[in-house]
Amino acid sequence: MEAASLFLNFLLELKEEGWFRGFLDALNQAGYTGLYEAFENWDFQKLENLEDHRQLLRRLQPEFKTRINPTDILPEISHCLINQECEEIKQVCSNKGTMAGAEKMIECLLRSDKENWPKILKLALERDECHFSELWIVEKGENDLEIKDLEVNEIETSSVHFYQEEPEYKNLSQNSCPPSEAPQTNSYSSLKPRNYQLELALPAKEGKNTIICAPTGCGKTFIALLICEHHLKKFPPGQKGKVVFFAIQVPVYEQQKSVFSKHFERLGYKVAGISGAISEKVPVEAIIENNDIIILTPQILVNSLKNGIIPSLSVFTLMIFDECHNTSKQHPYNMIMFKFLDQKLGGSSGSLPQIIGLTASVGIGNANDKREAVEYICKLCASLDISVIATVKDNLEELEQIVCKPQKFFRKVETRPDNKFKSIIFQMMKETENLAKRVIEELGAVTLENLSQIQNREFGTQKYEQWIGAIQKRCAVFHIPDKEKESRICKAMFLYTSHLRKYNDALIISEDARIKDGLDYLKDFFSDVRAAGFDEIEKYLTQRFEEKLQELEDVSMDPISENPKLNDLGFILQEEYHLNPETRTILFVKTRALANALKKWIEENSKLSFLKPGILTGRGRTSQETGMTLPAQKSILDIFRTSGDNKILIVTSVADEGIDIAQCNLVILYEYVGNVIKMIQTRGRGRAKGSKCFLLTSNADVIAKEKINIYKEKLMNDSILSLQEWDEAVFKEKVHSIQIEEKFIRDNQEKAKPEPDKENKKLLCRKCKAFACYTADIRVIEDSHHTVIGADFRERFVRAPHPKPKICGSFDKREKIFCARENCRHDWGIHVKYQTFEIPVIKIESFVVEDIATGQQMVYAKWKDFHPEKIAFDPREMSM
């Protein structure tokens, strides 16, 4: 900067004619096009507008350093920088590591004169599927940022993630039959349909809107080809059909586009596809108009209908929804079907396409009995305008020969009896929290309400990770008049919370793997921190870690620290491979970090190293980890399928669907459980005869949940059979009545849906004005009942027996609650048992709502009159 000032001073002393034009030309040639345009037009507003983004980037610098690999996004943002800067970033990454490279990239971006660099950075982060993009807010003010207090599944920021990776391809291996019968071609054209496949396809071939519900591995893609081919051939000369096949994920889209192209182009049909990755570059209308079969990611059609590019769904004659059980709420599938049903129920003269849904499990939602399960399935059928649910009934024996159901075992194991590693990390986290709390205390009482709540968090949990994400989101939009203080406070908070996140990650890794794996994770992190030119806070935190390092190393080497879970996993593997040396295993785990740790453990275990493990994870990137590409995923599967040496594949939930390995005969779910749909899909990975499925966990609740899933699967199958026995006219009337009711609700919500008030407010006792709770702590149950989470609220009311206790739906009403002040005792609501929880249910008419910022107070007679942001009740929050 001093050199630039000196340079400008020399320029201003020049007397030669044309010096200013020469200066502008030099700027332009060197790549400073933003400055060039500002001087040329004598308009510096665009450059000045960048200052807010520079401040945000400075604030987010600690998190940027720990979560961004500069080489991954450099190609996208290179034209925001000058060539020399790009080379310098690459050089620093190569010589000093990614954290130092990230610091260099920040330095260059802060100097950038390109007016669109914030947007380009946002796009680069999103295309790289980096969760840091949630913090990088472009063209959003504080009031526009939706911040929910610790809502489950809202924040996916850790490199140890708990979120469910979406299934990313349907059938990487297109073989749906045993190896002995598999065709030596990637085309389905040479396959002869089995009887059960013809049975499943029959209602659709008869023109009925059909859900095809059949096990994973039975060849539903092949059935879709049969239906499409029959559909297209039935049109008389002069008329043509038009089919659209929806795939939720881009890799699925690419897979199915390839399958449909190979099958149908030989028959003379035109096949094309559009996904989100290319939608901006292709004319959607022309592609749909000029092709017979179009493969789409569903959001493309949602957008095209919304902006009028596609006038109505009447352009299609057949729509196929892959994984159709997703048709609910605001999913793109449901948005498409809203248009379909509006057209149907609105009396439109245009013809409507036939609907086909494909799924391994329709699910039953939260149903607890057959009546509720039937109702859930009917609602799914109403959403898709279905008249038939097709399952295999007449050819079950043939299906069972192709798709084998593994025998299931539950293994409850103990955790470490004494975990010194956890104790040491806990202490270091408490120290870091205290440092962060001191920073927060500078902010004063009002902001403290929003940003603190540091204490009493459970280390080593998803909840703690979510709290870190919530704090970081608030810091990203935090404003005070003193900008220097604001920047210092927020930067410090990001540093402290980033280190807390890493400690939390290490605890999670060590819980399911070795302590050594958690420690290695921390050592790698602090090594990167040291290489990046760290500031005083980072120096202190690194010093504290190094002081404890030898003690942590000793603990990791202590035999008493061995993980009982790993011992049991080793026992299962040794036993099964002793019984059958040709065993092929899929091991499901929750996170990529755990997949890597277990691979390392197997390779370093002399009794298990012969398994030569492979890893299959999702495509999305997290922190500095880049997800696997589709070719890499295919390569891993090919090696596992063809190589006798690779006997075990460690996978995350990306493999719930789409892997077809007929010879896999052992499935192990390692602390891995979901809903009934997930259970059916994971179980479907073991398809060889005599397959086994082990659920290995230290948590009795996990086993209980899986047993509930088994019950729900039976409930689902019984409910489907029951619906198949209904009179066709009765079922049609049921579906129609649900559609009418849902449309009425939808129309009224669209017409008069109030904007939720996202500002956190206080609830005060209406009688004595004692503080009760914040609106951010209110959770909604079954869309109408309101409870308050957190132990603090329980101290503000007292309970007394209800004069008329009774059970109302899901609630066991037992007690009344009153303001805890002795001279008040105002009625606040009731205390109930809901599921397994004892919770308060409050009534808004008992409170005054106070705006924190202005002090303005309001009273409401009913909850429908008050519109705070709705956050659904989540049982997992009750453990906090």
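Cut-offs and rules
- Starting from 1, residues in each chain are numbered consecutively following that chain's sequence as written.
- The predicted nature of this model means local features are confined to residues of pLDDT at least 70 and side-chain atom pairs, given and counted, to a pLDDT of 80 or more, with totals for whole chains, interfaces and linings taken over all residues.
- To get the side-chain values, take all heavy atoms of the structure and skip hydrogens and water.
- Every helix listed is a DSSP run of H or I at least four residues long, and every strand listed is a run of E at least two residues long, numbered separately from the N terminus.
- Burial classes: relative accessible area under 20% of the type maximum marks a residue as buried, over 50% as exposed, and values in between as partly exposed (1.4 Å probe, protein chains only).
- The Shrake-Rupley method, run with a 1.4 Å probe sphere, supplies the accessible areas, and residue values consider only the shown protein chains as cover.
- Angles here are taken between N-to-C directions and fall from 0 to 180 degrees, while the axes themselves are lines fitted to C-alpha atoms, restricted in helices to the stretch in contact.
- Orientation labels follow simple angle bins: below 35 degrees gives roughly parallel, above 145 gives roughly antiparallel, 65 to 115 gives roughly perpendicular, and whatever is left gives oblique.
- Whether two residues are in contact is decided by their heavy atoms, any of which lying within 4.5 Å being enough.
- Three categories are distinguished: nonpolar for Ala, Val, Leu, Ile, Met, Phe, Trp, Tyr, Cys and Pro, charged for Asp, Glu, Lys and Arg, and polar for the others, with Gly belonging to the last.
- DSSP-based pairing: two strands are paired if at least 2 bridges between them are found.
- Two N or O atoms form a polar contact when they lie within 3.5 Å of each other; inside protein one atom must be a possible hydrogen donor and the other a possible acceptor, and for residues adjacent in sequence the pair counts only when both atoms belong to side chains.
- Basic side-chain nitrogens of Lys or Arg form a salt bridge, by our definition, when they fall within 4 Å of a carboxyl oxygen of Asp or Glu.
- Here, two cysteine sulfur atoms that lie within 2.5 Å of each other are counted as a disulfide.
- By this rule the span expected of a helix is its residue count minus one, scaled by 1.5 Å.
- To obtain the arc, one takes the directions from the helix axis to the C-beta atoms.
- Stacked, tilted and edge-to-face are the three classes assigned to paired rings of Phe, Tyr and Trp, where Trp is represented by its six-membered ring and a pair needs centres within 6.5 Å; plane angles under 30 degrees give stacked, over 60 edge-to-face, the rest tilted.
- Less than a right angle of anticlockwise turn of the near helix away from the far helix marks a crossing as left-handed, whereas a clockwise turn marks it as right-handed.
- Summary of the metric used: pLDDT quantifies the predictor's per-residue confidence within the range 0 to 100.

**Quick notes on the overall build of the chain**
Here's step 1: Counting secondary structure elements, the chain contains 30 helices and 23 strands.
Here's step 2: Across the 880 residues that make up the chain, the buried fraction comes to 54%.
Here's step 3: Of the roughly 40,400 Å² of accessible surface on the chain, a fraction of 50% belongs to carbon and sulfur atoms.

**Focus: the packing of helix α6 (residues 70–77) against helix α7 (residues 83–96)**
Packed helices, taken two at a time, are described by their axes: the angle between them and the distance between them.
Here's step 1: It is at 11 Å that the axes of α6 and α7 come closest, and there the two elements cross at 170 degrees. Relative to α7, the element α6 lies roughly antiparallel. Contacts between α6 and α7 involve P70, T71 and L74 on the former and, on the latter, C86, I89, K90 and C93.
Here's step 2: Residues that form the contact of α6 with α7 fall into these classes: 5 nonpolar, 1 polar and 1 charged.

**A short note on the sheet that holds strand β21 (residues 837–842)**
Here's step 1: What the 4 strands build is an open sheet, ordered β18-β19-β20-β21; its pairing is antiparallel. Single-partner strands in this sheet number two, and they are β18 (797–808) and β21. Across the sheet, the mean angle from the axis of one strand to that of its neighbour is 30 degrees, orientation sign disregarded.
Here's step 2: For β18 and strand β19 (residues 811–819), the ladder comprises 8 bridges, and the chain directions are antiparallel. Bridging from a neighbouring strand, A800 pairs with K816 of β19.

**Section: the side chain of T583**
Here's step 1: As for its position among the elements, T583 is in the loop between α24 (564–579) and β9 (585–588).
Here's step 2: A distance of 2.7 Å separates a polar side-chain atom of T583 from the backbone oxygen of N580.
Here's step 3: Residues within four places of T583 in sequence aside, it is in contact with E576, Y577, K647, N665 and L666.

**Overview of the pattern of salt bridges**
Here's step 1: What the rule picks out here adds up to 53 salt bridges.
Here's step 2: Across the pair E107 and R111 runs a salt bridge whose closest N-O atoms are separated by 3.2 Å. Remark: R111 and E107 occur in helix α8 (residues 98–111); sequence separation between them is 4 residues, near one turn of the helix.
Here's step 3: Accessibility expressed as a relative area gives 35% for E107, which makes it partly exposed.
Here's step 4: In this structure, the salt-bridge partner of R371 is E372, at a minimum N-O distance of 3.8 Å.

**What about the state of the cysteines?**
Two cysteines joined by a covalent bond between their sulfur atoms form a disulfide.
Here's step 1: This model, assessed by the stated rule, comprises 0 disulfides.
Here's step 2: The structure places no disulfide on C108, whose sulfur is separated from the nearest cysteine sulfur, that of C86, by 7.8 Å.
Here's step 3: C108 sits in the buried class, given a relative accessible area of 0%.
Here's step 4: No disulfide involves C381; its nearest neighbouring cysteine sulfur is the one of C378, lying 6.2 Å away.
Here's step 5: Residue C381 is classed as buried on the basis of its relative accessible area, which comes to 0%.

**Considering the sheet that holds strand β2 (residues 243–246)**
Here's step 1: Read across the open sheet, the 7 strands follow the order β3-β4-β2-β5-β6-β1-β7; overall the sheet is parallel. Sheet topology places β3 (271–274) and β7 (388–390) at the edges, where each strand pairs with a single neighbour. With direction set aside, neighbouring strand axes in the sheet form an average angle of 20 degrees.
Here's step 2: Where helix α16 (residues 370–384) meets the sheet, its contacts fall on β1 (210–213), β5 (318–322), β6 (354–359) and β7, and the angle it forms with β1 comes to roughly 130 degrees.

**Re unusual backbone geometry**
Here's step 1: Although it is not a glycine, W42 sits at a positive phi angle of roughly 50 degrees.
Here's step 2: Topologically, W42 is positioned in the loop between α3 (33–41) and α4 (45–48).
Here's step 3: With a phi angle near 55 degrees, D385 is a residue other than glycine that sits in the positive phi range.
Here's step 4: With respect to the helices and strands, D385 occurs in the loop between α16 and β7.
Here's step 5: Under the relative-accessibility criterion, D385 is labelled buried at 13%.

**Re the side chain of S304**
Here's step 1: Mapped onto the elements, S304 comes out in helix α14 (residues 298–306).
Here's step 2: Those residues in contact with S304 that lie beyond four places of it in its chain are V284, I309 and I310.

**Quick notes on the environment of E845**
Here's step 1: Of note, E845 is situated in the loop between β21 and β22 (847–851).
Here's step 2: Sequence separation of E845 and Y860 is 15 residues, and the distance between their C-alpha atoms is 5.6 Å.
Here's step 3: In this structure, E845 is in contact with R766, Y860 and A861, ignoring residues within four places of it in sequence.

**What about helix α2 (residues 19–30)?**
Here's step 1: The terminal C-alpha atoms of α2, which comprises 12 residues, lie 16 Å apart, in line with the 16 Å expected from a rise of 1.5 Å per residue.
Here's step 2: For α2, the set of buried residues is F23, L24 and L27. Here the buried residues of α2 occupy an arc of 95 degrees about the axis, which is enough to place them on one side.
Here's step 3: The elements touched by buried residues of α2 are α1 (2–12) and α3.
Here's step 4: Trailing α2 by a residue or two, G31 shows a phi angle of about 105 degrees, which is positive.

**Structural notes on the packing of aromatic side chains**
Here's step 1: A complete count under the given rule lists 32 aromatic pairs for this structure.
Here's step 2: Ring centres of Y834 and F873 lie 5.8 Å apart, and the angle between their planes is 75 degrees; on these two criteria the pair is classed as edge-to-face. Residue Y834 is located in strand β20 (residues 827–834), and its partner F873 is located in the segment after β23 (857–859); the two are separated by 39 residues in the primary sequence.
Here's step 3: Of the residues examined, Y834 reaches a relative accessible area of 9% and is grouped as buried.
Here's step 4: Look at F873 and you get buried, because its relative accessible area is 12%.
Here's step 5: Each residue in the set F7, W19, F20, F23, F39, W42 and F44 is aromatic and connected to the rest through ring pairs, giving one cluster.

**As for the environment of E742**
Here's step 1: Tracing the backbone through its elements, the reader meets E742 in helix α29 (residues 728–752).
Here's step 2: Exposure remark for E742: the relative accessible area of 33% places this residue in the partly exposed category.
Here's step 3: Between the C-alpha atoms of E742 and F338, which are 404 residues apart in sequence, the distance is 9.8 Å.

**Looking at helix α11 (residues 220–233)**
Here's step 1: For α11, spanning 14 residues, the distance from its first C-alpha to its last is 20 Å, which sits close to the expected 20 Å at 1.5 Å a residue.
Here's step 2: Within α11, 12 of the 14 residues are buried, which leaves it mostly tucked inside the rest of the structure.
Here's step 3: Those residues of α11 that sit buried are K220, T221, F222, I223, A224, L225, L226, I227, C228, E229, H231 and L232.

**Let's talk about the pairing of β21**
Here's step 1: Here β21 lies mainly inside the structure; 5 of its 6 residues are buried.
Here's step 2: As paired elements, β20 and β21 share 6 bridges and run antiparallel to each other. Bridging across to β21, H831 finds its partner in P840.
Here's step 3: The hairpin formed by β20 and β21 contains 2 residues between the paired strands, and Q835 there has a positive phi angle of roughly 55 degrees.

**Quick word on the packing of helix α22 (residues 515–531) against helix α23 (residues 536–557)**
Here's step 1: Between α22 and α23, the least distance of the axes is 11 Å, while the angle of their chain directions is 155 degrees. The angle between α22 and α23 falls in the class roughly antiparallel. Between α22 and α23 lies a crossing of left-handed hand. Counted together, I515, K516, L519, L522, K523, F526, V529 and R530 of α22 and E538, L541, T542, F545, E546, L549, L552, E553, V555 and S556 of α23 form the full contact between these two elements.
Here's step 2: Along the lines of polarity and charge, the residues of the contact of α22 with α23 split into 10 nonpolar, 2 polar and 6 charged.

**Comments concerning the confidence of the model for the chain**
Here's step 1: Averaged over every residue, the pLDDT of the chain is 82; residues scoring 70 or more account for 84%.
Here's step 2: Note that residues 140–186 has pLDDT below 50 and, in this model, 159 contacts with residues that lie over four places away or in other chains.
Here's step 3: Confidence drops under a pLDDT of 50 for residues 448–452, and excluding neighbours within four residues, the segment shows 14 contacts in the predicted structure.

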